[in-house]
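Fold and contact review
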Amino acid sequence: PQQPDQDGACGNFNDAADDDTTAAIMSRLGFRVPDNQMLFTKHAQIHLSSTESKLLQMCDPERYSEAVEACRKEITELLGDTAMQSCVLNNCFGSNEHVLKMAKGLGI
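The sections below set out a description of the structure shown in this document. Quantities reported herein were computed from a predicted structural model and do not represent experimental measurements. (Residues numbered from 1 in each chain as written. Predicted model: local features only at pLDDT ≥ 70, side-chain atom pairs only at ≥ 80, totals over all residues. Heavy atoms only, no water.)

Points about the environment of A24
Worth spelling out the cut-off: Working definition: helices are DSSP H or I runs of at least four residues, strands are E runs of at least two. Numbering for both runs from the N terminus. Only protein chains enter the accessibility calculation, which uses a 1.4 Å probe. A residue is then buried if its area is under 20% of the maximum for its type, exposed if over 50%, and partly exposed in between.
By secondary structure assignment, the location of A24 is in helix 1 (residues 22–29). Its relative accessible area of 17% is what places A24 among the buried residues. For the pair A24 and G11, spaced 13 residues apart in sequence, the C-alpha to C-alpha distance is 9.0 Å.

So, in structure tokens, the structure goes:
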């Protein structure tokens, strides 16, 4: 059964699939899990692949600026530059479920 305020990456369990799209979930929850809700105490090392780096360069300039602004609010200095780039990449392409296929189609 649905729990009060239940929501997450798999949806909100309200039997309405139209509000469980990636874009809808990200608009409700954001791109990152707040520190006070983390299940793990250690952060994994993040490394961008060459494809991810190329995709980052392809982000629409206006969207890129908005992503950087949003990520500055979410990413602490302790997590480093790669975490910031990863956040920007998620903001630029995170709601595109077919970004890998798109990248392959572009030959990157």
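That was the structure; now back to the text.
So, the state of the cysteines
As a reminder of what qualifies: Pairs of cysteine sulfur atoms within 2.5 Å are identified as disulfides in what follows.
Tallied over the entire structure, the rule returns two disulfides. Here C59 pairs with C92 through a disulfide, and the sulfurs are 1.9 Å apart. Because the sign of the S-S torsion sets the handedness, a value of about -80° for the bond joining C59 and C92 places this disulfide among the left-handed ones. Taken together, the residues span a long stretch of sequence, with C59 in the loop between helix 2 (50–58) and helix 3 (61–74) and C92 in helix 4 (residues 81–93) at a distance of 33 residues. The residues C59 and C92 share a single accessibility class, namely buried. The disulfide pattern of the chain is 1-4, 2-3 when the bonded cysteines are numbered in sequence order.

Here we look at helix 3
As a reminder, the rule being used: The span expected for a helix works out to 1.5 Å for each residue beyond the first. Think of it as the arc spanned by the lines of direction from the helix axis to the C-beta atoms. Whether two residues touch is decided by their heavy atoms; if any such pair falls within 4.5 Å, the residues are in contact. Two N or O atoms form a polar contact when they lie within 3.5 Å of each other; inside protein one atom must be a possible hydrogen donor and the other a possible acceptor, and for residues adjacent in sequence the pair counts only when both atoms belong to side chains.
Given a rise of 1.5 Å per residue, 14 residues ought to cover 20 Å, and the 20 Å separating the end C-alpha atoms of helix 3 matches this to within 8%. Listed in full, the buried residues belonging to helix 3 are A67, V68 and C71. For helix 3, the buried positions fall inside an angular range of 105° around the axis, keeping them on one side. For helix 3, the exposed residues set more than 90 degrees away from the buried face come down to E62, E69, R72 and K73. The inward-facing, buried residues of helix 3 contact helix 4. Residue D60 occupies the N-cap position of helix 3, its side-chain oxygen lying 3.2 Å from the main-chain nitrogen of E62.

Describing the side chain of N12
Structurally, N12 is set in the segment before helix 1. Residue N12 is classed as buried on the basis of its relative accessible area of 9%. Sequence-distant contacts of N12, defined by excluding residues within four places in its chain, comprise Q2, Q6, D7, D19, D20 and R28.

Some thoughts on the side chain of N91
Residue placement: N91 occurs in helix 4. A distance of 2.9 Å separates a polar atom in the side chain of N91 from the backbone oxygen of C87.

Overview of the nonpolar core
Rule in force here: Side-chain atoms within 4.5 Å link the members of a nonpolar core, which is a set of buried Ala, Val, Leu, Ile, Met, Phe, Trp, Tyr and Cys residues.
Residues L55, C71, I75, V88, C92 and F93 are the most contacted members of the largest nonpolar core, which totals 16 residues. For this core, the secondary structure elements donating two or more residues are helix 2, helix 3, helix 4 and helix 5 (99–105). In terms of residue count, helix 4 provides more of this core than any other element does, seven residues in total.

What about the pattern of salt bridges?
Note the following rule: Should a side-chain nitrogen of Lys or Arg be within 4 Å of a carboxyl oxygen of Asp or Glu, the pair is scored as a salt bridge.
What the rule picks out here adds up to two salt bridges. Linking D7 and R28 is a salt bridge whose minimum nitrogen-to-oxygen distance equals 2.6 Å. Of this pair, D7 sits in the segment before helix 1 while R28 sits in helix 1; the two residues are 21 residues apart in sequence, bridging distant segments of the chain. Counted as one network, the salt bridges with shared partners bring together D7, D20 and R28.

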